[in-house]
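Descriptive analysis of the structure
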Amino acid sequence: MMTDPESAPAPARAPTPTQGASSESPTGAKIIDGKVVSLKIRDQLAEEIKILKNSGVTPGLAAVLVGEDPASNTYVRAKAKACAAIGVYSDVIRLAADISQVELERKVRELNIRDDIDGILVQSPLPAGLNEFAINKLVDPAKDVDGFHPYNVGMLSIGEATFVPCTPVGIIKLLEHYSISTSGKEAVVVGRSNIVGKPIAALLASKCETGNATVTICHSRTRNLSEVCRKADILIAAIGSPGLIGRDYIKPGAVIIDVGINRVDDPSRKSGYRLIGDVKFDEACELASYITPVPGGVGPMTIAMLLSNTVKASRRRL
Ligand code: GUN
């Protein structure tokens, strides 16, 4: 069912945030600014790193990039740059797409025993033919800053989280920063990936302050997706489908978190592409109370949380 924008009810407003200053979109939704929040977190981490360095500890992150996927390449470069900016040592290990499983496993074992490396990430997706689960399982859980090891996945599911995947925990930090309460709210997560959908659902349902939501997980087989989404007070779009979520998916006053980072052709750009989310931003702004833009919403938080997990991992050296 499409809603006529002219007759759509005025968005119900979430309480004014006490901490997060947000700008307002021309049509009313408040913009959740991931750049601002992530910079604040990065500044705090930089201070903490100075103290760690005074104790002889320089946090170190190894990023393993297999193959030439352009998006993965961009992400890994951004992660290394973010490390350098706050004083984290980083080592980017670039490996050919045709590396064998055995050889890749050997590389991970090497990183597990390196004293200068506190955190290990293996950029996903791996090229076809490599077993990603076997690799994630091999990373030392104490260096698993992505939170992908089955031990850390299990710890999250029983509410004893150690390392939580970066994008989901970044979303929680954004909600906290803008004082958006989740307790008792209907949260709908669109997407069931191990990286975002499942862990954000676990966090929102968990028994803690930025949890206690009633969570529904939707996916490609969900019937009446728009109808289910319209029940959401908090809607997390993490399906990787450009612009899927339009006005008929959105309840007036909903908080919309757009995790999608989709490249679409744009000959007017030097790069030849632009990034869009899973949400039709302009339509969503007419109805939402808060919304994350793409880019500049969830994306910067993923990197900030990776840095945070790396600093956390390095503390065990003290
Ligand atoms: N690919 C997309 N997101 C991520 C992430 O957070 N970590 C890793 N390792 N790969 C990804």
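This text gives an overview of the structure that appears in the document.

Details of the overall build of the protein chain
Counting its secondary structure elements, the protein chain contains ten helices and eleven strands. Expressed along its principal axes, the backbone C-alpha trace of the protein chain runs to roughly 60 × 40 × 40 Å. Counting all 318 residues of the protein chain, 51% fall into the buried class. Taking the intrachain contacts of the protein chain between residues at least 6 apart in sequence as the baseline, contacts between residues at least 24 apart amount to 71%. A distance of 2 Å separates the average location of the 37 positive side-chain charges in the protein chain from that of its 35 negative side-chain charges.

Focus: the site of the ligand
The local shell around the ligand consists of Lys79, Leu121, Val122, Gln123, Ser124, Asp146 and Phe148. Between the ligand and Ser124 there is a distance of 2.9 Å, counted from a nitrogen atom to a backbone nitrogen or oxygen. One nitrogen or oxygen atom from the side chain of Asp146 is found 2.6 Å from a nitrogen atom belonging to the ligand. If the ligand stood free it would expose 280 Å²; the protein chains cover 85% of that surface. In the shell around the ligand, the residues fall into three nonpolar, two polar and two charged.

Quick word on the pairing of strand E9 (residues 262–265)
The side-chain alternation of E9 yields one buried face, formed by Asn262 and Val264, and one unburied face, formed by Arg263 and Asp265. Across four bridges, E9 lies against strand E10 (residues 273–276) in antiparallel orientation. Within the sheet, the bridge partner assigned to Arg263 lies in E10 and is Leu275.

Side note on the nonpolar core
Judged by nonpolar contacts, the single largest core of 53 residues is most densely connected at Leu204, Ile236 and Ile257. Per element, the largest residue contribution to this core is nine residues, and it comes from helix H10 (residues 298–314). Once you skip the residues sitting within four places of it in the chain, Leu204 turns out to touch Ile172, Leu175, Thr182, Ala187, Val189, Gly211, Asn212, Ala213, Val215 and Ile236. Judged by nonpolar contacts, the second largest core, of 21 residues, contains Ala29, Ile31, Ala237 and Leu287.

Side note on the packing of helix H2 (residues 70–86) against H10
Relative orientation of the contacting elements H2 and H10 amounts to 55 degrees, with a least axis distance of 10 Å. When the axis of H2 is compared with that of H10, the two are oblique. H2 and H10 meet at a crossing whose hand is right-handed. For the pair H2 and H10, the contacting residues are Ala78, Lys79, Ala82, Cys83 and Ile86 in the first and Ile303, Leu306 and Leu307 in the second. Partitioned by chemical class, the residues of the contact of H2 with H10 number seven nonpolar, no polar and one charged.

A word on the pairing of strand E5 (residues 186–190)
For E5, the buried fraction is high: four of the five residues fall into the buried class. Here E5 runs beside strand E6 (residues 214–218); their pairing, made up of five bridges, is parallel. Residue pairing in the sheet places Val188 in a bridge with Thr216 of E6. Handedness of the crossover joining E5 and E6 through helix H7 (residues 197–205): right-handed. Where E5 meets strand E7 (residues 234–237), four bridges bridge the pair, whose relative direction is parallel. Residue Ala187 lies in a different strand from E7, and its bridge partner there is Ile234.

Regarding a nonpolar patch on the surface
There is a patch of nonpolar side chains on the surface, built from Tyr75, Ile261 and Leu275 and spanning about 220 Å² of accessible area. Within the secondary structure layout, Ile261 lies in the loop between strand E8 (255–258) and E9.

As for helix H6 (residues 166–177)
End to end, H6 covers 16 Å across twelve residues, agreeing with the expected 16 Å (1.5 Å per residue, within 8%). Among the twelve residues in H6, ten count as buried, and that is most of the element. Of all the positions in H6, only Cys166, Thr167, Pro168, Val169, Gly170, Ile171, Ile172, Leu174, Leu175 and His177 are classed as buried. The inward-facing, buried residues of H6 contact helix H1 (34–54), H7, E7, E8 and H10. Among the residues trailing H6, Ser179 stands out with phi positive, at a value near 50 degrees.

Observations concerning unusual backbone geometry
Backbone torsion omega between Ser124 and Pro125 reads 5 degrees, so that peptide bond is classified as cis. Summarising the element assignment, Pro125 is placed in the loop between strand E4 (119–122) and helix H4 (132–138). That bond from Val294 to Pro295 is cis: its omega, -5 degrees, falls within 30 degrees of zero. Inspection of the secondary structure assignment puts Pro295 in the loop between strand E11 (290–291) and H10. Despite not being glycine, Ser179 shows a phi value in the positive range, around 50 degrees.

Each value, and the rule that gives it
- Residues numbered from 1 in each chain as written.
- Predicted model: local features only at pLDDT ≥ 70, side-chain atom pairs only at ≥ 80, totals over all residues.
- Heavy atoms only, no water.
- Helix = DSSP H or I, 4+ residues; strand = E, 2+ residues; numbered from the N terminus.
- Buried < 20%, exposed > 50% of the residue type's maximum accessible area, 1.4 Å probe, protein only.
- Contact = heavy atoms within 4.5 Å.
- Lys, Arg positive; Asp, Glu negative; His and termini not counted.
- Charge placed at Lys NZ, Arg CZ, Asp CG, Glu CD.
- Near = heavy atom within 4 Å.
- Polar contact = N/O pair within 3.5 Å; in protein donor to acceptor, adjacent residues only side chain to side chain.
- Areas by Shrake-Rupley, 256 points an atom, 1.4 Å probe, with all protein chains shown as cover.
- Nonpolar A, V, L, I, M, F, W, Y, C, P; charged D, E, K, R; others polar.
- Pairing = 2+ DSSP bridges.
- Core = buried A, V, L, I, M, F, W, Y, C linked by side-chain atoms within 4.5 Å.
- Axes fitted to C-alpha atoms, helices over the stretch in contact; angles between N-to-C directions.
- Parallel < 35°, antiparallel > 145°, perpendicular 65-115°, else oblique.
- Left-handed = near helix turned anticlockwise from the far one by under 90°.
- Right-handed = clockwise from strand over helix to strand, strands pointing away.
- Patch = residues over 30% accessible without salt bridge, like charges linked within 9 Å, V, L, I, M, F, W, Y side chains within 5 Å.
- Salt bridge = Lys/Arg side-chain N within 4 Å of Asp/Glu carboxyl O.
- Expected span 1.5 Å × (residues − 1).

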